Amino acid sequence: MGLTLSHDGGTATIRVEGNLTVQTSPELEEAIRGLDEQVRDLDIDLSEVDFVSSAGLRVLVIAQKQTKLRGGRMRLLGPNDDVFSVLDMTGLSEVFVIER
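Residues numbered from 1 in each chain as written. Predicted model: local features only at pLDDT ≥ 70, side-chain atom pairs only at ≥ 80, totals over all residues. Heavy atoms only, no water.

Asker: What am I meant to see in the nonpolar core here?
Answerer: Across soluble globular proteins, nonpolar side chains have a tendency to be buried as a group. Counting residues in each nonpolar core, the largest one holds 24 residues, and the members touching the most others are Leu 28, Ile 32, Leu 42, Ile 44 and Leu 76. Every element with two or more residues in this core is listed here: β2 (11-20), α1 (25-33), β3 (41-52), α2 (54-69), β4 (74-77) and α3 (81-89). The dominant element in this core, judged by the number of residues it contributes, is β3, at five residues. With residues near it in sequence (within four places) discarded, Leu 76 still touches Ile 44, Leu 46, Leu 60, Leu 87, Phe 96, Val 97, Ile 98 and Glu 99. (Core = buried A, V, L, I, M, F, W, Y, C linked by side-chain atoms within 4.5 Å. Buried < 20%, exposed > 50% of the residue type's maximum accessible area, 1.4 Å probe, protein only. Helix = DSSP H or I, 4+ residues; strand = E, 2+ residues; numbered from the N terminus. Contact = heavy atoms within 4.5 Å.)

Here you go:
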């Protein structure tokens, strides 16, 4: 899995590439926890993610909670049909702001 982090004012964007699994999700979790306190909004670009496991979903839920605690918002950007299907089946498509 690859991660690219960028900042634009109070918004951070993390672009994820590859599979988001139990082996790779700790890297994303660490990146999210390491965000500067001034970052309020978080965009997670999933357009290059092929698969998300329950461990990956857990990290996304943690990110959502952390972002809300900062008074910000989180968006998931560009999930493919397979990733969106997992989000939909778990009910998380109703929890997250998803921009396809």
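Moving on from the coordinates now.
Asker: Looking at this model, I keep getting lost on the pairing of β4. Mind explaining?
Answerer: Residue alternation in β4 divides its side chains into two sets, Met 74 and Leu 76 and Arg 75 and Leu 77, and both sets are buried. Strand direction decides the pairing type here: β3 and β4, joined by four bridges, are parallel. From the neighbouring strand, Asp 45 faces β4, where its bridge partner is Leu 77. Between the parallel pair β3 and β4, the chain is carried across by α2, and the sense of this crossover is right-handed. As judged from the three bridges shared by β4 and strand β5 (residues 97-99), these two strands associate in the parallel manner. Within the sheet, the bridge partner assigned to Leu 76 lies in β5 and is Ile 98. Following the chain from β4 across α3 to the adjacent parallel β5, one finds a crossover that is right-handed. (Pairing = 2+ DSSP bridges. Right-handed = clockwise from strand over helix to strand, strands pointing away.)

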